[in-house]
Amino acid sequence: MSTSPESTAAAAHPAPERIAQHRRYLMCRPEHFTVSYTINPWMEPQNPTDTATALAQWQTLYDTYVALGHDVELIDPVPGLPDMVYTANGGFVIDGTALGVRFRVEERRGEERPFMDWFARHGLEVVEPVEIQEGEGDFLLVGDVILAGTGFRSVGDSHREVAEVFGREVVSLRLIDPRFYHLDTAISVLDPVEGPGGVEKANIAYLPTAFDDESRRILAERYPDAILVSDADGAVFGLNSASDGRNVFVSPRATGFQAQLRERGYNPVLVDLSELLLGGGGIKCCTLELRGKS
Ligand code: ARG
């Protein structure tokens, strides 16, 4: 009997058992989805978009979340706001408090009020933002720490503001590649509670080339077990994934990342949002986590 190098390595470091945790998400049906302006390098208004395809792909994501036991709330889409489907940019919600957003770009400012109104109507305590920031697009909760992106959309002062609002440590990271203009296009939070422990934590995955040197140094120091994702998988928005701690909702095109996830004990669940990528968004962009009071 022969043992392959892979199985030897796996036996030496067995992947920890991952635990799925219940999630509550906010999504927005892409009824008015189109690409009519350019605010990131993915958007090319001259290329046709198909709203029916966007709706069908989005519905698959919705159905997948529900089938795995998660709650999905819906906000009504507003005509003339084609980017509202990317609800990650609608706010940042922890412990029943929702910090609203202030978009950098004029084209999306009409979304700010509808999201804050939705939060208020659903029993969340709403904090009106002062500084420019784009919600969970640039703020990610990992354990007790908030990772905060800047460079393209959210401004550095918003990092101080989010620290004050939530009373948590904030780690600022600088994005340098315009294709990865929001933090959630370059980092994926796989397990915010750091899993059941063990040698291999791997609770985040990231695309090293999306960050400046100092940010890469910070990430390597804080997350030595992180999954480092290839440029090829990054370029198909592989990192724009959602996770419940076990199931990782990921683009079918990010094949290398899927293999890395399996090695670490995660279960990749493939959902294709190719039509929504025409607007520069993927799975995570279409998903805002609603974290209630713990
Ligand atoms: N067209 C949108 C924009 O450029 C896409 C937003 C993607 N959202 C995200 N969380 N990365 O603002």
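Heads up: the structure comes first, above all this text.
Residue numbers here run from 1 along each chain, matching the order of that chain's written sequence. It should be noted that, the model being predicted, local features are given only for residues of pLDDT at least 70 and side-chain atom pairs only at 80 or more, the latter also being counted only at that level, while totals for whole chains, interfaces and linings use all residues. In computing side-chain values, all of the structure's heavy atoms are included and hydrogens and water are not.

Caption draft 1: Representation of the site of the ligand. Nearness of a residue to a molecule or strand requires only that one of the residue's heavy atoms be within 4 Å of it. Every one of the 17 residues lining the ligand counts as a neighbour, but N40, R108, D184, G279 and C285 are closest to it. Pairs of N or O atoms are called polar contacts if they sit within 3.5 Å, as long as, within protein, a hydrogen donor faces a hydrogen acceptor (for residues adjacent in sequence, only side-chain-to-side-chain pairs). Interatomic distance of 3.0 Å between a side-chain N/O atom of D83 and a nitrogen atom of the ligand. Contact between the ligand and N89: a nitrogen atom at 2.8 Å from a side-chain N or O atom of the residue. Calculation of accessible area relied on Shrake-Rupley with a 1.4 Å probe; when residues are assessed, cover is drawn exclusively from the protein chains displayed. In the complex, the protein chains occlude 100% of the 350 Å² of accessible area that the ligand would expose alone. Any residue that is not Ala, Val, Leu, Ile, Met, Phe, Trp, Tyr, Cys, Pro, Asp, Glu, Lys or Arg is counted as polar, Gly included; the first ten are nonpolar and the last four charged. Split into classes, the residues belonging to the shell around the ligand amount to six nonpolar, seven polar and four charged.

Caption draft 2: Representation of the environment of A88 within the structure. Runs of E in the DSSP output that reach at least two residues are strands. Runs of H or I that reach at least four are helices, and both are numbered from the N terminus. For A88, the location among the structural elements is in the loop between β2 (71–74) and β3 (92–94). For each residue, the accessible area found with a 1.4 Å probe, counting protein chains only, is set against the maximum for its type, and the residue is called buried under 20%, exposed over 50%, and partly exposed in between. For A88, a relative accessible area of 0% corresponds to the buried category. The contact criterion used throughout is that any non-hydrogen atoms of two residues lie within 4.5 Å. With residues up to four places along the chain from it excluded, the contact list for A88 reads E134, G135, E136, G137, D184, K284, C285, T287 and L288.

Caption draft 3: Seen up close, the sheet that holds strand β15 (residues 288–289). Being paired, for any two strands, means DSSP has found at least two bridges between them. Read across the sheet, three strands follow the order β2-β1-β15 without closing on themselves; strand pairing throughout is mixed. Each having just a single partner strand, β2 and β15 make up the two edges of the open sheet. Pairing analysis gives four bridges linking strand β1 (residues 24–27) to β2, with the strands arranged parallel. Pairing of Y25 across the sheet is with V72, part of β2.

Caption draft 4: Just helix α3 (residues 112–121), in detail. Looking only at α3, the buried set comprises E112, F115, M116, W118 and F119. The buried residues of α3 all sit within an arc of 155° when viewed along its axis, so they share a single face. Buried-residue contacts for α3 involve β1, β2, β3, β4 (97–99), β5 (125–127) and β15. G123 sits one or two positions beyond α3 and adopts a positive phi of about 80°. When we speak of the arc, we mean the arc of directions from the helix axis to the C-beta atoms.

Caption draft 5: Up close: the pattern of salt bridges. Each salt bridge in this description consists of a side-chain nitrogen of Lys or Arg and a carboxyl oxygen of Asp or Glu lying within 4 Å of one another. This structure, assessed with the given rule, holds 20 salt bridges. The partner of E112 in a salt bridge is R109, and the shortest N-O contact between them spans 2.9 Å. Judged by its relative accessible area of 9%, E112 falls in the buried class. One salt bridge in this structure joins D144 and R168, with 3.8 Å as the shortest N-O distance. Residue D144 is found in the loop between β6 (139–142) and β7 (145–150), and its partner R168 is found in the loop between α4 (156–166) and β8 (170–174); the two are separated by 24 residues along the sequence. D144 gets classed as exposed once you look at its relative accessible area, which sits at 60%. Note on R168: relative accessible area 19%, which makes it buried. The network of salt bridges with common partners includes R23, E136, K284, E289 and R291.

Function cannot be read off these values alone, since they describe shape.
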